[in-house]
Amino acid sequence: MASLSFRHIYKKYPGGVTAVSDFCLEVKDKEFIIFVGPSGCGKSTTLRMIAGLEEITEGELFIGDRLVNDIAPKDRDIAMVFQNYALYPHMTVFDNMAFGLKLRKVPKEEIKRKVEQAAKILDITHLLDRRPKQLSGGQKQRVALGRAIVRNPKVFLLDEPLSNLDAKLRAAMRTELTKLHKRLGTTFVYVTHDQVEAMTMATRIVVMKDGIIQQVDTPQNLYDLPCNLFVAQFIGTPQMNCIEATLVDKNGDVYINWGANMIKLPAEKANDPALKDYIGKEIVMGIRPECLHDDAASIESMPDSLITATVDVTELMGSEIFLYFTSEEQNFVARVSPRSKTRPGDTIKVAVDTSKVHIFDKDTEKFIIH
């Protein structure tokens, strides 16, 4: 088992393109850490540098206490699971899983024992004699995982391993991977652009943008305490509503104002010293969809935080409804009860739970208060 230490890692390509900038991170032993971000943010490049498939331009990478910058991929004691499975089509499942061990001249009996043990963990014992073309996508993914497990590596590297699966299978495999991580007790480093995968599986998430780490934290902290607008809008489905507004002081109370809307901040937020320099200035207000309410009880209990809205679209999701509405030319989405009677075209009052409001600096996009 192993920790990982990234010390000021850079990846620069000819022509002045920098894919990863000043990447500093400590990954604990047995952690399930996920790199997440939009396409081109540098997450897969970082994973490939751990694997030794990309050369590190600057900085130091340690696996355990060993500096691995100049160590060949095969000697790093890592195993990588790719997006496209990378199985040999002419080999059986057994031979695919055993291939790496055969190359290392592991005794036949030990190979058999390790392959059967991994197959049992992944529930693919009945597939050992089949070839890849006889397998479904989910089964191929299990075989690819099995090939990694038999090597008992210090670190598992997984590069978007679920992206080729359908939605139902992806959800099932998320659960399987989480259970597998607990069972193996190994360090997992996982790359995805799907923040739902990141939120449901990771012990910690690394959010990246343009090759730079934006925030490293637990899923819950990323959701509740985003450090900037990018993280706030990237984490969460539907994404956070972010509205340009102005902070107004009115008789000692602080309000958020846009158009005809004035919603009052609760005292604990209004009195935060960080807000003092922003009174009278433009800011960005962030509010999660579940913190906007159209029910009568909320509207009655939050008289100081009501906005008038015109409903554009409603989406029934089964256990909830997404309301898409406009208020003073700003677009919102709310997550409300499936019993809501609101319909497209309605003009309604919406209560904003101001205790859950986030305020960001309009210029730097960094958070001011949560």
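Residues numbered from 1 in each chain as written. Predicted model: local features only at pLDDT ≥ 70, side-chain atom pairs only at ≥ 80, totals over all residues. Heavy atoms only, no water.

Observations concerning helix 4 (residues 137-149)
With 13 residues, helix 4 should cover 18 Å at 1.5 Å per step; its first-to-last C-alpha distance of 18 Å lies within 8% of that length. Where helix 4 is buried, its residues meet strand 6 (78-81), helix 2 (93-103), helix 3 (108-122), strand 7 (155-159) and helix 5 (167-184). (Helix = DSSP H or I, 4+ residues; strand = E, 2+ residues; numbered from the N terminus. Expected span 1.5 Å × (residues − 1). Contact = heavy atoms within 4.5 Å.)

Quick notes on the packing of helix 2 against helix 3
Their axes nearest at 10 Å, the elements helix 2 and helix 3 cross at an angle of 130°. Here helix 3 runs oblique to helix 2, going by the angle between their axes. When the axes of helix 2 and helix 3 are compared, the crossing they make is right-handed. Residues Phe94, Met97, Ala98, Leu101 and Lys102 of helix 2 form the contact with helix 3, whose participating residues are Ile111, Lys112, Lys114, Val115, Ala118 and Ala119. Classifying every residue of the contact of helix 2 with helix 3 gives eight nonpolar, no polar and three charged. (Axes fitted to C-alpha atoms, helices over the stretch in contact; angles between N-to-C directions. Parallel < 35°, antiparallel > 145°, perpendicular 65-115°, else oblique. Left-handed = near helix turned anticlockwise from the far one by under 90°. Nonpolar A, V, L, I, M, F, W, Y, C, P; charged D, E, K, R; others polar.)

Points about the pattern of salt bridges
Side chains that differ in charge, positive against negative, can pair when their charged atoms come close. Scanning all chains against the criterion turns up 15 salt bridges. For Asp75, the salt bridge goes to Lys74, with nearest N and O atoms at 3.5 Å. Of the residues examined, Lys74 reaches a relative accessible area of 61% and is grouped as exposed. Across the salt bridge formed by Glu110 and Lys114, the nearest N and O atoms sit 3.5 Å from each other. With Glu110 and Lys114 both in helix 3 and four residues apart, this pair spans about one turn of that helix. Exposure remark for Glu110: the relative accessible area of 30% places this residue in the partly exposed category. (Salt bridge = Lys/Arg side-chain N within 4 Å of Asp/Glu carboxyl O. Buried < 20%, exposed > 50% of the residue type's maximum accessible area, 1.4 Å probe, protein only.)

Quick look at the sheet that holds strand 9 (residues 204-209)
On the basis of which strands lie adjacent, the open sheet formed by six strands has the order 6-7-8-3-9-10 and mixed pairing. Each of the sheet's edge strands pairs with one partner strand only, and the pair in question is strand 6 and strand 10 (212-217). Averaged over all adjacent pairs, the angle separating strand axes in this sheet is 15°, with direction ignored. Of the pairings in the sheet, the one linking strand 3 (residues 32-36) to strand 9 comprises four bridges and is parallel in character. Bridged to Phe35 within strand 9 is Val206. Set on the sheet, helix 4 makes contact with strand 6 and strand 7; between it and strand 6 the angle comes to about 175°. (Pairing = 2+ DSSP bridges.)

Some remarks on helix 3
Each α-helix winds once per 3.6 residues, and so residues spaced three or four apart point in a common direction. Look at helix 3: 21 Å from first C-alpha to last across 15 residues, which is about the 21 Å you get at 1.5 Å a residue. Buried within helix 3 we find Ile111, Val115, Ala118, Ala119 and Leu122. Projected onto a plane normal to the axis of helix 3, the buried residues spread over an arc of 100° and lie on a single side. Along helix 3, exposed side chains directed more than 90 degrees from the buried face belong to Glu109 and Lys120. Among the residues trailing helix 3, Asp123 stands out with phi positive, at a value near 60°. (Arc of directions from axis to C-beta.)

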